[in-house]
Amino acid sequence: MNINTSIRPVDILLVEDSPSDADLTEEALSDGKVLNKLHWVEDGVEALAFLRRQGKYANAPRPDLILLDLNLPKKDGREVLAEIKADARLKLIPVIVLTTSAAERDILKTYELNANCYVTKPIDLEQFISVVKLIEEFWLALVKLPSE
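Everything in this summary refers to the structure shown in the same document. Residue numbers here run from 1 along each chain, matching the order of that chain's written sequence. Thresholds applied to this predicted model are a pLDDT of at least 70 for local features of residues and 80 or more for the giving and counting of side-chain atom pairs; totals over whole chains, interfaces and linings are not thresholded and use all residues. Just so you know, side-chain values use all the structure's heavy atoms and leave hydrogens and water out.

Phi at Arg-53 is positive, roughly 55°, even though this residue is not glycine. In this structure, Arg-53 sits in the loop between helix 2 (44–52) and strand 3 (65–68). A relative accessible area of 34% means that Arg-53 is categorised as partly exposed. Not every positive phi belongs to a glycine, and Asn-114 is a case in point at roughly 75°. Helical segments are the DSSP runs of H or I of at least four residues, strand segments are the runs of E of at least two, and each set is numbered from the N terminus. Accessibility here uses a 1.4 Å probe with only protein chains present; expressed as a share of the type maximum, an area under 20% marks a residue as buried, one over 50% as exposed, and anything in between as partly exposed.

Below, the structure written as structure tokens:
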């Protein structure tokens with residue numbers, strides 16, 4: 001496996017309204033193979049402010065990868081995904097939809113909106129951590145991500 005050995009940590013934006021899922025994601029990534037820095041926002045409005053470096057996020061780093069839940073307050077994940085992929089400055093950032101929905105319409109819609117990957121969150125704690133670790137292995141250790 002080609003392990004990412006860059007000195008700079010990989011910046012990951014987690015857009016997740018569940019604090020417990022955010023904590024589990026952080027835990028799974030903390031002991032991973034790739035040095036990373038997780039940035040967490042709780043809703044779609046905050047996600048877009050972070051990505052556009054607005055307000056309190058004026059100095060936010062450009063994420064190398066976005067983990068996006070679909071069912072978010074204020075602006076749902078589908079709307080956030082559509083805005084990311086319509087923005088020339090953001091559209092190349094890989095977006096992994098990580099959500100509880102296994103509905104075919106959600107899967108189809110997110111791929112129509114150019115999501116890079118769709119993963120259904122397992123309910124089981126150990127399986128959830130395993131899924132996040134697999135995402136890390138593939139997207140951060142194997143795949144070559146675009147730079148700004």
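On we go from here.
A side chain of one charge can pair with a side chain of the opposite charge when the charged atoms of the two come close. Any Lys or Arg side-chain nitrogen found within 4 Å of a carboxyl oxygen on Asp or Glu counts as a salt bridge. If you walk through the whole model with that rule in mind, you get ten salt bridges. Between Lys-74 and Asp-43 there is a salt bridge, with the nearest N and O atoms lying 3.6 Å from each other. Placement of the pair is Lys-74 in the loop between strand 3 and helix 3 (77–86) and Asp-43 in the loop between strand 2 (36–41) and helix 2, with a sequence separation of 31 residues. Among the ionic contacts, a cluster of salt bridges with common partners joins Glu-16, Asp-21, Asp-69 and Lys-121.

The two faces of strand 3 match: Leu-65 and Leu-67 on one face and Ile-66 and Leu-68 on the other face are all buried. For two strands to be treated as a pair, DSSP must find no fewer than two bridges joining them. Here strand 1 (residues 10–15) pairs with strand 3 via four bridges, running parallel. Across the sheet, residue Leu-13 finds its bridge partner in strand 3, namely Ile-66. Pairing between strand 3 and strand 4 (residues 95–99): three bridges, direction parallel. If you follow Leu-68 over to strand 4, its bridge partner there is Val-97. With its strands directed away from the observer, a crossover is right-handed exactly when the path from the first strand over the helix to the second travels clockwise. Between the parallel elements strand 3 and strand 4, the chain passes through helix 3 in a crossover that is right-handed.

Turning our attention to helix 1 (residues 19–30). In a helix, the anticipated span is given by 1.5 Å times the number of residues less one. Counted at 1.5 Å a residue, the expected span for helix 1 with its twelve residues is 16 Å, and the 16 Å between its end C-alpha atoms agrees. Within the sequence span of helix 1, burial applies to Asp-21, Ala-22, Leu-24, Thr-25, Ala-28 and Leu-29. Taken down its axis, helix 1 places every buried residue within 165° of arc, on the same side. The arc refers to the directions leading from the helix axis to the C-beta atoms.

This paragraph deals with the sheet that holds strand 5 (residues 117–120). On the basis of which strands lie adjacent, the open sheet formed by five strands has the order 2-1-3-4-5 and parallel pairing. The sheet terminates laterally at strand 2 and strand 5, the two strands that pair on one side only. Each strand of the sheet is rotated relative to its neighbour by a mean of 20°, with strand direction disregarded. Any two residues whose heavy atoms approach within 4.5 Å at even a single point are treated as in contact. Orientation is described by lines fitted to C-alpha atoms, with helices fitted over the stretch in contact, and by angles between N-to-C directions that extend from 0 to 180 degrees. Sheet strands in contact with helix 1 are strand 1, strand 2 and strand 3, and its direction is about 175° off that of strand 2.

Our focus in this paragraph is the pairing of strand 1. Within strand 1, six of the six residues are buried, leaving the element largely enclosed by the surrounding structure. By the alternation rule, side chains of strand 1 split into Val-10, Ile-12 and Leu-14 and Asp-11, Leu-13 and Val-15, which are all buried. Strand direction decides the pairing type here: strand 1 and strand 2, joined by six bridges, are parallel. Considered in strand 2, the bridge of Leu-14 is made with Trp-40.

So, to be careful, I would describe these as geometric facts and stop short of saying anything about function.
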